[in-house]
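Okay, here's what each chain looks like letter by letter:
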Amino acid sequence: MKTGLALLLALAAGSAAAWEGRPVSYGKFLDLIGTAQRRVLVYVPYLRDPQMGNALRAAVVDRGRRVRVVVLTVPFFAAKEDSLTNSLALSGAGVVEAQVASTTAYVLVDDHLFSSAQLGRAANVADLRVLPRTASNTFLTWFMGALGDGRTVTNYEAFLRIGGRLK
């Protein structure tokens, strides 16, 4: 039994290592968000892709999985009325604005780090790649630092940005 388990773990680790650095289909990426078990940490300068927004929203509202979804974005783009980060804030995702100089988007789904220059802006991203596992720790350190420097978008603020009016 122990030998079988060790073999299964070795095969899983080998398949994950073989995946690193390779292009990933956008559909597979969205499926991974849909099956995330622990966390989805997102840095995207401008989120206006409805498919990605819906995948993140579904992960937030699925109370059975209890996936932590945190979105880090740039204030200029988050304040736009068509930014989907505002609806994510209303659905319960943590949305933080920070002045970040990178135009490349990064998404950590459980332990897999994805990167793309077009992610969040357009559907069917062609340059989506899985980064090596060693990059995940670097990303987490950077992400947590940027969150500390940022400002959380409140539900009220997100509501007003979407065009809500209080009577």
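Details of the sheet that holds strand S6 (residues 129-130)
Pairing between sheet strands relies on hydrogen bonds along the backbone, with the strands arranged either parallel or antiparallel. Sheet architecture is open: seven strands sit in the order S6-S5-S4-S1-S2-S3-S7, paired in mixed fashion. Edge positions in the open sheet fall to S6 and strand S7 (151-152), since each of these has one partner strand only. Lying on the sheet, helix H2 (residues 26-34) is in contact with strand S4 (105-109) and strand S5 (112-116); it crosses S4 at an angle near 45°.

With respect to the pattern of salt bridges
Counted according to the given criterion, the structure contains seven salt bridges. Between Glu 97 and Arg 161 there is a salt bridge; the shortest N-O distance is 2.6 Å. With Glu 97 in strand S3 (residues 94-97) and Arg 161 in helix H7 (residues 155-162), this residue pair connects regions lying 64 residues apart in the sequence. Between Arg 151 and Glu 157 there is a salt bridge whose closest N-O contact spans 2.9 Å. Shared partners join several salt bridges into a network, and the residues in it are Glu 97, Arg 151, Glu 157 and Arg 161.

Structural notes on the confidence of the model for the protein chain
Per-chain confidence: the protein chain averages 83 in pLDDT, with 86% of residues scoring 70 or above. Of all secondary-structure elements in the protein chain, the lowest mean pLDDT belongs to helix H1 (residues 2-19), at 42, while strand S1 (residues 39-43) reaches the highest, 95. Below pLDDT 50 for its whole length, residues 1-18 participates in one contact with residues either more than four positions away or in separate chains.

Considerations on the side chain of Asp 49
With respect to the secondary-structure elements, Asp 49 resides in the loop between S1 and helix H3 (50-61). Among buried Asp, Glu, Lys and Arg side chains, Asp 49 stands out as unpaired, with Arg 48 the closest opposite charge at 8.5 Å. Leaving out residues up to four positions away in the same chain, Asp 49 has contacts with Tyr 26, Leu 84, Gly 120, Arg 121, Ala 122 and Ala 123.

Quick notes on the side chain of Thr 73
Looking at where Thr 73 falls in the secondary structure, it is placed in strand S2 (residues 68-73). Among the polar contacts made by the side chain of Thr 73, one reaches the main-chain carbonyl oxygen of Pro 45 at a distance of 2.9 Å.

Considering the nonpolar core
Counting 34 residues, the largest nonpolar core has Phe 29, Val 40, Met 52, Leu 56, Val 69, Val 109 and Leu 119 as its most contacted members. When sequence neighbours within four positions are dropped, the list of residues in contact with Leu 56 reads Ile 33, Val 40, Val 42, Leu 47, Val 69 and Leu 88. If you look at the next biggest cluster of nonpolar residues, it comprises 15 residues, including Leu 108, Leu 113, Ala 146 and Leu 147.

Here is what the cut-offs are and how they apply
- Residues numbered from 1 in each chain as written.
- Predicted model: local features only at pLDDT ≥ 70, side-chain atom pairs only at ≥ 80, totals over all residues.
- Heavy atoms only, no water.
- Pairing = 2+ DSSP bridges.
- Helix = DSSP H or I, 4+ residues; strand = E, 2+ residues; numbered from the N terminus.
- Contact = heavy atoms within 4.5 Å.
- Axes fitted to C-alpha atoms, helices over the stretch in contact; angles between N-to-C directions.
- Salt bridge = Lys/Arg side-chain N within 4 Å of Asp/Glu carboxyl O.
- pLDDT = per-residue confidence, 0-100.
- Buried < 20%, exposed > 50% of the residue type's maximum accessible area, 1.4 Å probe, protein only.
- Lys, Arg positive; Asp, Glu negative; His and termini not counted.
- Polar contact = N/O pair within 3.5 Å; in protein donor to acceptor, adjacent residues only side chain to side chain.
- Core = buried A, V, L, I, M, F, W, Y, C linked by side-chain atoms within 4.5 Å.

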